[in-house]
Amino acid sequence: MFPPIINATLWTADQGANKTQNKVLFGYPLSIFFIVVNEFCERFSYYGMRAVLVLYFKYFLRWDDDLATSIYHVFVALCYLTPILGAIVADSWLGKFKTIIYLSIVYAIGQVTMAVSAIHDITDTDRDGTPNNMTVHVVLSMLGLLLIALGTGGIKPCVAAFGGDQFSDHQEKQRRTFFSVFYLCINGGSLLSTIITPILRAQDCGIYSQQKCYSLAFGVPAALMLVALVVFIAGNGMYYKAEPQGNIMLDVCKCIGFAIKNRYKHRSSQYPKRQHWMDWAEDKYAKLLIAQIKMVLRVLFLYIPLPMFWTLFDQKGSRWTLQATNLNGNFGLLVIQPDQMQTVNPILILTLVPVMDSIIYPLIRKCGANFTPLKRMAVGMMMAAIAFVCAAVVQIEIDKTLPTFPSASQSQLKLLNMESNPVTVHAHDDFFTFDTETVGISVGNSSTVKNITLAKGNRKTLLITSSINDNWTNDLISKPQEGNNEIRTQFYIFILFAIILCKHSFYFLMIRTIFTIRSGSQSCEYSRDFGFGSSYTFFIPSTFVFGPNCQESVTVAEDIKPNSVHMALQIPQYFFITVGEVMFSVTGLEFSYSQAPSNMKAVLQAGWLLTVAVGNFIVLIVAELAKLPKQWAEYILFASLLVVVCVIFSIMAHFYTYIDPAEIEAQFNKKVDEVEEEEDDKSELQKLEMAKKGSIKSHEDEDDADKRTKM
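Treat the numbers as computed from the prediction; the structure is a model and nothing was measured.

(A) The arrangement of the overall build of the protein in detail. Of regular secondary structure, the protein possesses 18 helices and 17 strands. Split into buried and exposed, the 711 residues of the protein put 48% on the buried side. Intrachain contacts of the protein at a sequence separation of at least 6 include 73% that bridge at least 24 residues. Total accessible area on the protein stands at roughly 34400 Å², and carbon and sulfur atoms take up 61% of it.

(B) How the structure looks around the confidence of the model for the protein. Averaged over all residues, the pLDDT of the protein is 79; the fraction at 70 or higher stands at 80%. Ignoring residues within four places in sequence, the model shows residues 491-510, a span with pLDDT below 50, making 51 contacts including any to other chains. Across residues 707-711 the pLDDT falls below 50, and counting only partners more than four positions away or on other chains, this stretch makes zero contacts in the model.

(C) Summary view of the state of the cysteines. For the coordinates displayed, the defined rule picks out one disulfide. Paired by a disulfide, Cys 205 and Cys 213 hold their sulfur atoms 2.0 Å apart. Between Cys 205 and Cys 213 the disulfide shows an S-S torsion of about 100 degrees. By sign, it is right-handed. Classification of Cys 213 by relative accessible area gives buried; the value is 4%.

(D) Helix H9 (residues 248-265), seen in detail. If you check H9, its first and last C-alpha atoms are 26 Å apart, about what 18 residues at 1.5 Å a residue would give, namely 26 Å. Three or more residues of H9 are buried, namely Met 249, Val 252, Cys 255, Ile 256, Ala 259 and Asn 262. What you see down the axis of H9 is that its buried residues fit within an arc of 170 degrees, all on one side. Along H9, exposed side chains directed more than 90 degrees from the buried face belong to Cys 253, Lys 254, Lys 261, Tyr 264 and Lys 265. Lining the buried residues of H9 we find helix H4 (65-94), helix H10 (287-302) and helix H16 (601-625).

(E) Inspection of the side chain of Ser 141 at higher detail. Looking at where Ser 141 falls in the secondary structure, it is placed in helix H6 (residues 134-165). Looking at Ser 141, its side chain comes within polar contact range of the main-chain oxygen of Val 138, at 2.8 Å. Those residues within four positions of Ser 141 in sequence are excluded, and the remaining contacts are Tyr 56, Leu 61, Met 114 and Ser 117.

(F) Here's a closer look at the environment of Ala 161. Structurally, Ala 161 can be placed in helix H6. Between the C-alpha atom of Ala 161 and that of Lys 96, which follows or precedes it by 65 residues, the distance is 8.1 Å.

(G) Inspection of the nonpolar core at higher detail. Leu 53, Tyr 56, Phe 57, Phe 75 and Phe 218 are the most contacted members of the largest nonpolar core, which has 135 residues in total. Not counting the four nearest positions on each side in its chain, Phe 57 is found in contact with Arg 62, Trp 63, Ala 68, Ile 71, Tyr 72, Met 142 and Leu 145. Core analysis: the second largest hydrophobic core is formed by eleven residues, Phe 515, Ile 517, Cys 524 and Phe 530 among them.

(H) Broad picture of the side chain of Ser 70. Tracing the sequence through the fold places Ser 70 in helix H4. Note on Ser 70: relative accessible area 2%, which makes it buried. Within polar-contact distance, the side chain of Ser 70 engages the backbone oxygen of Asp 66 at 2.8 Å. Apart from the residues within four sequence positions on either side, Ser 70 is in contact with Leu 620, Ala 623 and Glu 624.

(I) The arrangement of a positive patch on the surface in detail. Together, Lys 254, Lys 261, Lys 265 and Lys 284 line one region of the surface with positive charge. Position of Lys 261 relative to the elements: it lies in helix H9.

(J) Representation of the packing of helix H3 (residues 53-60) against H4 within the structure. Close contact between H3 and H4 brings their axes to 9 Å; oriented N to C, the two are set at 145 degrees. The handedness of the crossing between H3 and H4 is right-handed. Seen from H3, the contacting residues are Leu 53, Val 54, Phe 57 and Lys 58; seen from H4, they are Asp 65, Ala 68, Ile 71, Tyr 72 and Phe 75. For the contact of H3 with H4, a count of residues per class yields seven nonpolar, no polar and two charged.

(K) Layout of unusual backbone geometry. A positive phi angle, close to 65 degrees, is found at Arg 62, a residue other than glycine. With respect to the helices, strands and loops of the structure, Arg 62 is situated in the loop between H3 and H4. Taking relative accessible area as the criterion, Arg 62 reaches 49% and is therefore assigned partly exposed.

(L) The arrangement of a nonpolar patch on the surface in detail. A contiguous nonpolar surface patch, about 520 Å² in accessible area, is contributed by Trp 93, Leu 94, Tyr 102, Ile 105 and Ile 109. At the level of elements, H4 and helix H5 (96-117) are the ones that each hand at least two residues to the nonpolar patch. If you tally residues by element for the nonpolar patch, the top one is H5, at three residues. Topologically, Trp 93 is positioned in helix H4. By relative accessible area, which is 59% here, Trp 93 ends up exposed.

(M) Structural view of the pairing of strand S16 (residues 535-540). Among the six residues that make up S16, six are buried, leaving the element largely enclosed by the rest of the structure. Of the two faces of S16, the one lined by Ser 535, Thr 537 and Phe 539 and the one lined by Tyr 536, Phe 538 and Ile 540 are each fully buried. Sheet topology note: the S16/strand S17 (residues 555-560) ladder contains five bridges and is antiparallel. Across the sheet, Phe 539 pairs through a bridge with Thr 555, a residue of S17.

What counts, and where the lines are drawn
- Residues numbered from 1 in each chain as written.
- Predicted model: local features only at pLDDT ≥ 70, side-chain atom pairs only at ≥ 80, totals over all residues.
- Heavy atoms only, no water.
- Helix = DSSP H or I, 4+ residues; strand = E, 2+ residues; numbered from the N terminus.
- Buried < 20%, exposed > 50% of the residue type's maximum accessible area, 1.4 Å probe, protein only.
- Contact = heavy atoms within 4.5 Å.
- Areas by Shrake-Rupley, 256 points an atom, 1.4 Å probe, with all protein chains shown as cover.
- pLDDT = per-residue confidence, 0-100.
- Disulfide = S-S within 2.5 Å.
- Expected span 1.5 Å × (residues − 1).
- Arc of directions from axis to C-beta.
- Polar contact = N/O pair within 3.5 Å; in protein donor to acceptor, adjacent residues only side chain to side chain.
- Core = buried A, V, L, I, M, F, W, Y, C linked by side-chain atoms within 4.5 Å.
- Patch = residues over 30% accessible without salt bridge, like charges linked within 9 Å, V, L, I, M, F, W, Y side chains within 5 Å.
- Salt bridge = Lys/Arg side-chain N within 4 Å of Asp/Glu carboxyl O.
- Lys, Arg positive; Asp, Glu negative; His and termini not counted.
- Charge placed at Lys NZ, Arg CZ, Asp CG, Glu CD.
- Axes fitted to C-alpha atoms, helices over the stretch in contact; angles between N-to-C directions.
- Left-handed = near helix turned anticlockwise from the far one by under 90°.
- Nonpolar A, V, L, I, M, F, W, Y, C, P; charged D, E, K, R; others polar.
- Pairing = 2+ DSSP bridges.

If you want it as structure tokens, here you go:
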């Protein structure tokens, strides 16, 4: 997360006077309090929805990991493309206030649409908890995400700049404080929403059947967006609303386009060459504007390698969240949901930004090292690469604990003894993974071999009694979803088979579930502690007797081991990626602002957001084309690509010369003034000469008149 676009605004004396008439509270315009509350609610809405989005794709829409990751990053990319459109609309036509209002309405409609798309009951005709028409939910969710991307991206460049417009020229100190509080609201809204919405998602809700409550997890952010809209409108009478004055980005694009077009027209060797290709725009545009664009292009050239950083950074909301579903989130006093691990990022941001600015960077300067902004950005890239190496190490540890499931050409068989007496089982293979469809099994001392037909790609359990019968149970061929535990109870008193999903709450100190076995008025409670993502089979024998020790009669078979790799192992990768964000993102914005002309900062901000969008599209390409068999290999691939890009960026940064745009503009204006003074001097001289000639001519005319008079 980084600060939004802040456009520079120039005010006239009359405009400044109008601002002083606004209501003031504690030295601040009262209108900014509505803007700050609006920003907090909007950021809560956006990050809350985004925190559970990839799990919604995987577990509600039933998409695989690659498709869920791809659509997630397409959405994020759109959110960083639309700010350019919002800035142009606000500065050229509607103004900031109307743009925020109209696009916030679009934004709220999108959030409500997402909440409706997650209600499984609207298409669950057979009331089994699974939607029967998934197309309806997919269409609604894609429509909702499109509207959200348009809304959140469109208002991004407007809200902060609109807040800055509320201050007069003599309130520079208050304006700086406002932007600090504004950025704090961004991180505060992100932090709270990333904690709260996963808790809401983990609850069970539904009209006919109880399922994970994605509708509530999307509904609360939708409600917060409506609150943000109402609060912003409530301050309508207090706002200062600057009129649209045109967008500099359009002027820049027109000037660049004219230079390219003019250069192409004069490509023949008969035309003299010019020092820079932008100089071909001098036929139509001012030299100062061309000089400013040249400075911007030098910085934009350095932006070319930057998307690779965002390719890695934004995967903390997709791949890393999916990785957390295979981890143990039991931290003793609380249980962390997989999508709640993202809260580590805003917590570290709020901690590391002041630490880096107040301690780390000053210490480096005292050591005599020239730690320039571009060097910081390169180190930030390396930190992100290290974070993905850490993610790969965690993934390798996870893979060691995952069971080996059958491939499409294999089948797996598990044999369970349902009798009280031991039974010796002889199989034709030492392993229970078979490439053949038929397996012969004999029980005890019997010479009779029972041929069992297996289905390829499936995992089954055969219940062994005194004879081999077709007592089958279908086993899972993947880990239980969302860290749940699958419990199977086998009652052999009367042949009854059931599958129960063990549901645990975030508030449980221990993941413990109590099962109650009932027969008439008699009951027996059986309790057990579970981990995450395990599968068990409980056997209740025919000799089961109700009583105080009834639990001892229940036999437990562990089909799939619980997640044994702890979620705390993800903390190092979050630490390195956040250090990389502070050194790369915050420093990159500061560098861009320092190297940009005063009226071109919005252009560089647009270019910066474009790098974020391109980075997310790179994730889409790699996820769909690479198709690496192991997830850890994909993490290493991304880390390696970023290291290569970091080397290229370092070489480019080595040849970059830092400039002072204000000084260059001042020198340029001085030259322009000198030229104008010379032209003025020439004009005065011409006037004097003309006046002198006129005087001489008038004397000559007088002499001629005298001569005519004498004659």
